[in-house]
Amino acid sequence: MTTKLLAVLFAATLTSATCLSQASQPAVVEDFKPSTLNQPGQEYPQVNSQGYARFKIKAPKADSVRVSLGLGGKGGTILTKGEDGLWNGTTAGPLDEGFHYYNVTIDGGKFNDPGALNYYGSVRWESGIEIPAHDQDFYALKEVPHGNVQQILFPSKSTNTARRAFVYTPPSYDKDKSKKYPVLYLQHGWGEDETAWSNQGHANLIMDNLIAEGKIKPFIIVMTYGMTNEVKFGKIREFKIDPFQAVLVDELIPYVDANFRTLTNRDNRAMAGLSMGGMETKMITLNKPDIFGYYGLLSGGVYAPEDLNGKAKPKLVFISCGSKERPDGVTKATTDLKAAGYNAVSYVSDKTAHEFLTWRRSLHELAPLLFK
């Protein structure tokens, strides 16, 4: 993947949440409800059935308040001060369905919305808001058996630290102590960390629901920090994969295999990642084709046949993106890979950009294809 394409991808990360049409919008329906990601007891922010977001910020002595969401990244939503000292405003148009990061600028200073929960993104804890998606059922919390997401601390000699990862084990893991499982190593994007796939992505709920529906073979997911934020935005070309590759391949994988009941051969190990995590996936799978049998790039570039030529053949190459990204490149890459004899699958998320609904949907499509 070229550095130019990477720059486009990561710029999209910061702006896609504000994908609004600036054309004339229909009348705003006054059926606003608190976002599902609000702090306990907080009424704002709110969302309505059309996907508009409404904000109310208490800053009685402020001269200006602006929310980063809205207007396609060109200025956000400017709030107006009421007589009660509260600043109010509604986005000029509907937001894309799904999860979005945002922040509040008060008199030039950047803050989080005290009404919303915080999520690690853009190399900081940011406020989060959820625009209900028409297909949200696949990542909904349901009355089905649930797996476990646990934090592990593993030793890393290469970095001289104890590093953290989160491990999802399926509902059946603790019931049959003799059963071993395949493993997916799943990476976050630039500006995020190892909490992203569970908190923003609902990876565990997606897995629980697919397992309950009998649509996938249960497997373990391991999520760790990809060391991506060591590189400042705009200097992605300076990123070196070697340090993280050593952590993942030489330290984390052996630790997981020693402490969890895993199937340890290549055909039972997958790697996938979103955005910059996809770039890491591509680099590591090409450098270490004997370690992983399944590859997944989620808005994270593509493979070409010449990338894979002469290496151990992957059992699956999965490439996805949002329809507002570069879908033609994804479908062409898959066509080329198929013509070269590779098992390649593409997926394009409808009406989404470089955002978590794209990646939730992508995981939902990828999971049933793994470990066949």
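Computed from a predicted structure; not experimentally measured. (Residues numbered from 1 in each chain as written. Predicted model: local features only at pLDDT ≥ 70, side-chain atom pairs only at ≥ 80, totals over all residues. Heavy atoms only, no water.)

Caption draft 1: Structural detail: the overall build of the chain. When helices and strands are counted, the chain shows 8 helices and 20 strands. Relative to the globule expectation of 21 Å for 372 residues, the C-alpha radius of gyration of the chain, 21 Å, shows essentially globular dimensions. Taking the principal axes of its C-alpha atoms as reference, the chain extends roughly 65 × 45 × 40 Å. Relative to its full complement of 372 residues, the chain shows a buried share of 54%. Of the contacts made within the chain by residues no fewer than 6 positions apart, 69% connect residues no fewer than 24 positions apart. (Helix = DSSP H or I, 4+ residues; strand = E, 2+ residues; numbered from the N terminus. Rg over C-alpha atoms; globule rule 2.2 N^0.38 Å. Buried < 20%, exposed > 50% of the residue type's maximum accessible area, 1.4 Å probe, protein only. Contact = heavy atoms within 4.5 Å.)

Caption draft 2: Seen up close, the pattern of salt bridges. What the rule picks out here adds up to 15 salt bridges. Close ionic contact of Glu 30 with Arg 54 constitutes a salt bridge, the shortest N to O distance being 2.9 Å. Linking Glu 30 in the loop between helix 1 (3-15) and strand 1 (33-34) with Arg 54 in strand 3 (residues 53-58), this pair joins segments that are 24 residues apart in sequence. Overall, the relative accessible area of 57% leaves Glu 30 in the exposed class. One salt bridge in this structure joins Asp 307 and Lys 282, with 3.5 Å as the shortest N-O distance. In this pair, Asp 307 is assigned in helix 6 (residues 305-308) and Lys 282 in helix 5 (residues 276-287), connecting sequence segments 25 residues apart. On the basis of relative accessibility, which here comes to 22%, the residue Asp 307 falls in the partly exposed class. (Salt bridge = Lys/Arg side-chain N within 4 Å of Asp/Glu carboxyl O.)

Caption draft 3: Structural context of the domain arrangement of the chain. Taken domain by domain, the chain consists of domain 1 (33-132) and domain 2 (137-369). With 13 residues of domain 1 at the interface, the matching set in domain 2 holds 18 residues. Buried area between domain 1 and domain 2, summed over both chains or domains, comes out near 1100 Å², and the portion from carbon and sulfur atoms is 49%. Its largest share of buried area at the contact with domain 2, domain 1 owes to Asp 96, Phe 99 and Tyr 120, together 40% of the area lost on that side. Among the ionic pairs, Arg 361 bridges to Glu 97, the shortest N-O distance being 3.7 Å. Counting across the domain 1 and domain 2 interface gives 7 residue pairs in polar contact (both at pLDDT 80 or more). Ranked by residues supplied to the side of domain 1 that touches domain 2, first place goes to strand 8 (residues 98-102) with 4 residues. (Domains from an automatic or database assignment. Buried area = accessible area lost by both parts, 1.4 Å probe. Polar contact = N/O pair within 3.5 Å; in protein donor to acceptor, adjacent residues only side chain to side chain.)

Caption draft 4: Highlighting the pairing of strand 14 (residues 161-169). With 9 bridges connecting them, strand 13 (residues 148-156) and strand 14 associate as antiparallel partners. Each bridged residue has a counterpart across the sheet, and for Ile 152 the counterpart in strand 14 is Ala 165. Where strand 14 lies against strand 16 (residues 220-224), 4 bridges are found, and the strand directions are antiparallel. From the neighbouring strand, Ala 165 faces strand 16, where its bridge partner is Thr 224. (Pairing = 2+ DSSP bridges.)

Caption draft 5: Representation of the sheet that holds strand 7 (residues 86-90) in the model. In space, the 5 strands of this open sheet follow the order 1-2-3-7-6, with antiparallel pairing throughout. Since the sheet does not close on itself, it has two edges, and those belong to strand 1 and strand 6 (80-81), each with one partner.

Caption draft 6: Molecular detail of the side chain of His 354. By the secondary structure assignment, His 354 is in the loop between strand 20 (344-349) and helix 8 (356-366). At 2.8 Å, the side chain of His 354 and the side chain of Ser 275 are in polar contact. A distance of 2.4 Å separates the side chain of His 354 from the side chain of Glu 325, its partner in a polar contact.

Caption draft 7: Just the side chain of Lys 282, in detail. The exposure class of Lys 282 is buried, given its relative accessible area of 12%. A polar side-chain atom of Lys 282 sits 3.5 Å from a polar atom in the side chain of Asp 307.

Caption draft 8: Representation of the sheet that holds strand 12 (residues 124-131). Spatially, the 3 strands line up as an open sheet ordered 8-12-11, and their pairing is antiparallel. Strand pairing shows two members of the sheet lacking a second neighbour, strand 8 and strand 11 (118-121), which therefore form its edges. Strand-to-strand twist in this sheet, taken as the mean axis angle between neighbours without regard to direction, amounts to 50 degrees. As paired elements, strand 8 and strand 12 share 5 bridges and run antiparallel to each other. By the bridge assignment for strand 12, His 100 is matched with Ile 129. The strands touched by helix 8 are strand 8 and strand 12; relative to strand 8, the strand with the most contacts, the crossing angle is about 140 degrees. (Axes fitted to C-alpha atoms, helices over the stretch in contact; angles between N-to-C directions.)

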